[in-house]
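Secondary and tertiary structure notes
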Amino acid sequence: MSSTPSLRRSIEVEYWVVDEAGSLTQPGSLIDLPGAEREFVEPMLEIKTTPCTSTTELREELFERVRAALDRGDEIGKQLVPLATPLNHEAIREIPCDRTRIQNAVVGDAFEYVRHCAGTHIHIEQQPGRAVDQLNTLIALDPALALVNSARHFRGEAMAPGARSKCYRWLAYDNLRNQGELWPYVDDRADWNRRLQTCYDRFREQAIAAGIDESTFESCFDPESAVWTPVQLREEFGTVEWRSPDTTLPSRTVSLADTLATVAGELDGRPVDIGGNTPCIDDERIVLPDFETVSDYVDTAIEEGLTESLAAYLSRMGFEPDAFDPIADTFDHDGPIDRETARQLRLEYATRLREDVRQSPAMTAD
């Protein structure tokens, strides 16, 4: 699929940083590179692109920035790992700040699940007058997370093909209603804003009850930054944002973003209907399944991965599932993984990432 050239899209992707033995380590001077930032845990590096007007431009910028990190890593003995969890590791330390301190106070011990997760955020520019349709389409596409599941394990134990999504949606924010989970379709912007405010007010009340100073809370969070639902309407950036995908090989991340920009981006005047008998996306219309069906597919994507029925659904919704090879589905380890094996696997996938960006095959998009 080729996407509309004028439609901007960007990527934020998190990678684990390891040393030459495959042990997690801090990114050091990697954070000084263009587009690179620290995340809230010590052994992670986030690489961001700027808003790009084509998939070719997006790919070139992401690959350039990842290559720069690899080159710097060669100099300082660090590598990047495209796995959604470290597979097995001792406690992962946070970088102290008020924002994470508040989440720890409210979420409690379950916040440990979040510290072990590395993912990808894809932003698609809002189309004037169609942002809610874009958002609802993106909600229906959420099961596409199965295309890039990249870890089955949490702290050495096999959990699910979508271990990271399971950690976020079902374990980390279990005591924060509506946090972390996929929200139903939205009626309009006012409906979306009401949901944000409700979530924010509940989070704020729980934080204050946990002993957080009200002014400190309000300096760290506003309604838009206080929710972790995987599909969001972002006024700050003028985008619709998909936060569900695992981190994976950069070429697969770009392919995913390309289809997303095509399907949930420029709607070309096509109507978006919800609840049709046969969900599909074609040149004339977009028909989305009811939300219960979407939720069932999301559960499948997390617990079972890319099944035949899920692949058939994603094909009708504009994806080419055969073009993806989810890392989690090719993993040889379905049982427990000890820490030594986890270190070796992190090194293996660091090498695969290096090969992915060095090969630099030509894009067919745009």
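Residues numbered from 1 in each chain as written. Predicted model: local features only at pLDDT ≥ 70, side-chain atom pairs only at ≥ 80, totals over all residues. Heavy atoms only, no water.

What the rule picks out here adds up to 14 aromatic pairs. Ring centres of Phe221 and Trp228 lie 6.2 Å apart, and the angle between their planes is 75°; this geometry places the pair in the edge-to-face category. Here Phe221 matches Trp228 in class, with each residue buried. Among the aromatic side chains, those forming a connected cluster through ring pairs are Tyr168, Tyr173, Tyr200, Phe203, Phe217, Phe221 and Trp228. The side chain of Arg59 reaches across the aromatic face of Phe63, ending 4.0 Å from its centre. (Phe/Tyr/Trp six-rings, centres within 6.5 Å; stacked < 30°, edge-to-face > 60°. Buried < 20%, exposed > 50% of the residue type's maximum accessible area, 1.4 Å probe, protein only. Lys NZ or Arg CZ within 6 Å of the ring centre and 35° of its normal.)

As enumerated under the stated definition, the model contains zero disulfides in all. There is no disulfide at Cys97, and the cysteine sulfur nearest it, in Cys220, is 7.1 Å away. (Disulfide = S-S within 2.5 Å.)

Mapped onto the fold, Glu42 is located in the loop between strand 2 (36-38) and strand 3 (44-48). Using a relative accessible area of 16% as the deciding quantity, one classes Glu42 as buried. Once you skip the residues sitting within four places of it in the chain, Glu42 turns out to touch Thr25, Gln26, Pro27, Arg93, Glu94 and Ile95. (Helix = DSSP H or I, 4+ residues; strand = E, 2+ residues; numbered from the N terminus. Contact = heavy atoms within 4.5 Å.)

Turning to the packing of helix 5 (residues 163-172) against helix 9 (residues 291-303), a few remarks are in order. Look at helix 5 against helix 9: their axes get within 9 Å of each other, and the N-to-C directions meet at 130°. Judged by the inter-axis angle, helix 5 sits oblique to helix 9. As for the relative orientation of helix 5 and helix 9, their crossing is left-handed in sense. On the side of helix 5, the interface is formed by Ser165, Lys166, Arg169 and Trp170, while helix 9 contributes Val298, Asp299, Ile302 and Glu303. The residue makeup of the contact of helix 5 with helix 9, split by class, is three nonpolar, one polar and four charged. (Axes fitted to C-alpha atoms, helices over the stretch in contact; angles between N-to-C directions. Parallel < 35°, antiparallel > 145°, perpendicular 65-115°, else oblique. Left-handed = near helix turned anticlockwise from the far one by under 90°. Nonpolar A, V, L, I, M, F, W, Y, C, P; charged D, E, K, R; others polar.)

With that settled, consider the pairing of strand 1 (residues 9-18). Within strand 1, 10 of the 10 residues are buried, which leaves it mostly tucked inside the rest of the structure. Of the strand pairs in this sheet, strand 1 and strand 5 (residues 120-125) are connected by five bridges, and their pairing is antiparallel. Within strand 5, the position partnered with Arg9 by the bridge is Ile124. Pairing of strand 1 with strand 3 involves five bridges; the strand directions are antiparallel. Each bridged residue has a counterpart across the sheet, and for Tyr15 the counterpart in strand 3 is Leu45. (Pairing = 2+ DSSP bridges.)

Between the first and last C-alpha of helix 9 there are 18 Å, a value that for 13 residues agrees with the 18 Å anticipated at 1.5 Å per step. If you check which residues of helix 9 are buried, you get Phe291, Val294, Tyr297, Val298, Thr300, Ala301 and Ile302. Where helix 9 is buried, its residues touch helix 4 (131-140), helix 5 and helix 10 (308-316). At the N-terminal end of helix 9, a side-chain oxygen is found 3.2 Å from the backbone nitrogen of Glu292, two or three residues along, and the residue is Asp290. (Expected span 1.5 Å × (residues − 1). Polar contact = N/O pair within 3.5 Å; in protein donor to acceptor, adjacent residues only side chain to side chain.)

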